[in-house]
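Chain and residue survey
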Amino acid sequence: DQQVKQNSPSLSVQEGRISILNCDYTNSMFDYFLWYKKYPAEGPTFLISISSIKDKNEDGRFTVFLNKSAKHLSLHIVPSQPGDSAVYFCAVNRQGGKLIFGQGTELSVKP
Amino acid sequence: DTAVSQTPKYLVTQMGNDKSIKCEQNLGHDTMYWYKQDSKKFLKIMFSYNNKELIINETVPNRFSPKSPDKAHLNLHINSLELGDSAVYFCASSALMAYEQYFGPGTRLTVT
């Protein structure tokens, strides 16, 4: 019973275009959502987050959107760059608790 | 000046052995975690310690024993290693009651 799902295992995008990574969750009690980026042989790196009281958070090229009624989270990267090629994990957290991760989406940005 | 560090990065050992993985954070955080990434790439919480006190234990076999000598260190000791223990183990830390967690580089454990 996966509580956090990333249904696309991979995504390929042309440099300069928009990358959209999606994530669905099951529990409406989750109150904080995060995106992590992971390069091979490295640990996940925190990228951006959003509280359940908001529906959008932006940081430079990265924007996270939250649709609570649909229990859906998305990460937009504009413009995409080759250095963005990595595995992206969405995660949910309740205050002071564990992170529950999706299974990841591997993004490939082609020059 | 690595924020969360783990040693060793790679560990190859035989079934039945006992091994330890060490984790240190210099972020001044109060809470530390161990996660396991299995062969299907799922990252799952194993343990969480807050200021040396165990607060999360996620149905992990008791062959796994975390130890926190102080709030900057959280070590993972594994007894009687099994083939299924092969995975990448990540240490993480967070400020008290914070949502964001910061991860170490991982330790790839291979049991033969």
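To be clear, the structure that these remarks concern was listed above.
These notes cover the structure that comes with them. Since the structure is predicted, the reported quantities are computational estimates derived from the model, not experimental observations. (Residues numbered from 1 in each chain as written. Chains lettered and ligands numbered in written order. Predicted model: local features only at pLDDT ≥ 70, side-chain atom pairs only at ≥ 80, totals over all residues. Heavy atoms only, no water.)

A short note on the pairing of strand β4 (residues 32-38) of chain A
Residue and element names in this part refer to chain A. Of all seven residues that make up β4, seven are buried, and the element is covered over most of its length. Taking every second residue as pointing to the same face, both faces of β4 are buried, with Tyr32, Leu34, Tyr36 and Lys38 on one and Phe33, Trp35 and Lys37 on the other. As paired elements, β4 and strand β5 (residues 45-51) share six bridges and run antiparallel to each other. Residue pairing in the sheet places Phe33 in a bridge with Ile50 of β5. Here seven bridges tie β4 to strand β9 (residues 86-93), and the two strands are oriented antiparallel to one another. Each residue of the ladder has a partner; that of Tyr32, found in β9, is Asn93. (Buried < 20%, exposed > 50% of the residue type's maximum accessible area, 1.4 Å probe, protein only. Helix = DSSP H or I, 4+ residues; strand = E, 2+ residues; numbered from the N terminus. Pairing = 2+ DSSP bridges.)

Looking at the sheet that holds strand β1 (residues 4-5) of chain A
All names here are of chain A. On the basis of which strands lie adjacent, the open sheet formed by five strands has the order β1-β3-β8-β7-β6 and antiparallel pairing. Lying at the two open borders of the sheet, with one neighbouring strand each, are β1 and β6 (56-59). Looking at chain direction, β6 and strand β7 (residues 62-67) are connected through four bridges and run antiparallel. Bridged to Asn57 within β7 is Val64.

A look at the packing of aromatic side chains
Applying the stated criterion across every chain, the model contains 14 aromatic pairs over all chains. Judged by centre distance (4.7 Å) and plane angle (45°), the rings of A:Tyr25 and A:Phe33 are tilted. Counting every residue linked through ring pairs, the aromatic cluster contains A:Tyr36, A:Phe46, A:Phe89, A:Phe101, B:Tyr33, B:Tyr35, B:Phe90, B:Tyr102 and B:Phe103. (Phe/Tyr/Trp six-rings, centres within 6.5 Å; stacked < 30°, edge-to-face > 60°.)

A few points about the interface of chain A and chain B
On the side of chain B, 20 residues touch chain A, which itself brings 22 residues to the contact. Roughly 1,800 Å² is buried in total at the junction of chain A and chain B, and carbon and sulfur atoms are behind 62% of that figure. Its salt-bridge partner being A:Lys98, residue B:Glu58 comes within 3.0 Å of it at the nearest N-O pair. Our count for the contact surface shared by chain A and chain B stands at seven residue pairs in polar contact (both at pLDDT 80 or more). Looking at the side of chain A that touches chain B, the elements with two or more residues in it are β4, β5, β9 and β10 (99-101) of chain A. Taken together, the residues of the side of chain A that touches chain B sort by class into nine nonpolar, eight polar and five charged. (Contact = heavy atoms within 4.5 Å. Buried area = accessible area lost by both parts, 1.4 Å probe. Salt bridge = Lys/Arg side-chain N within 4 Å of Asp/Glu carboxyl O. Polar contact = N/O pair within 3.5 Å; in protein donor to acceptor, adjacent residues only side chain to side chain. Nonpolar A, V, L, I, M, F, W, Y, C, P; charged D, E, K, R; others polar.)

Overview of the side chain of A:Ser80
All names here are of chain A. Along the chain, Ser80 falls in the loop between β8 (72-77) and β9. Of the residues examined, Ser80 reaches a relative accessible area of 1% and is grouped as buried. For Ser80, the side chain forms a polar contact with the side chain of Ser19, separated by 2.6 Å. A polar contact is formed between the side chain of Ser80 and the backbone oxygen of Ile77, at a distance of 3.4 Å. In this view, Ser80 contacts Val13, Gln14, Glu15, Gly16, Arg17, Ile18, Ser19, Arg61 and Val109; residues no more than four positions away in its chain are not counted.

Here's the deal with the state of the cysteines
Throughout this description, disulfide means a covalent bond between two cysteine sulfur atoms. One pass over the structure, following the stated rule, counts two disulfides over all chains. One disulfide bridge connects A:Cys23 with A:Cys90, the sulfur atoms lying 1.9 Å from each other. Between A:Cys23 and A:Cys90 the disulfide shows an S-S torsion of about 60°. By sign, it is right-handed. Of this pair, A:Cys23 sits in strand β3 (residues 19-25) while A:Cys90 sits in strand β9, and the two are 67 residues apart along the sequence. An identical accessibility class is assigned to A:Cys23 and A:Cys90; each is buried. Here B:Cys23 pairs with B:Cys91 through a disulfide, and the sulfurs are 1.8 Å apart. Here B:Cys23 and B:Cys91 share a disulfide; its torsion about the S-S bond, -75°, makes the bridge left-handed. Of this pair, B:Cys23 sits in strand β3 (residues 19-25) while B:Cys91 sits in strand β9 (residues 87-94); the two residues are 68 residues apart in sequence, bridging distant segments of the chain. Looking at B:Cys91, the relative accessible area reads 0%, which means it is buried. (Disulfide = S-S within 2.5 Å.)

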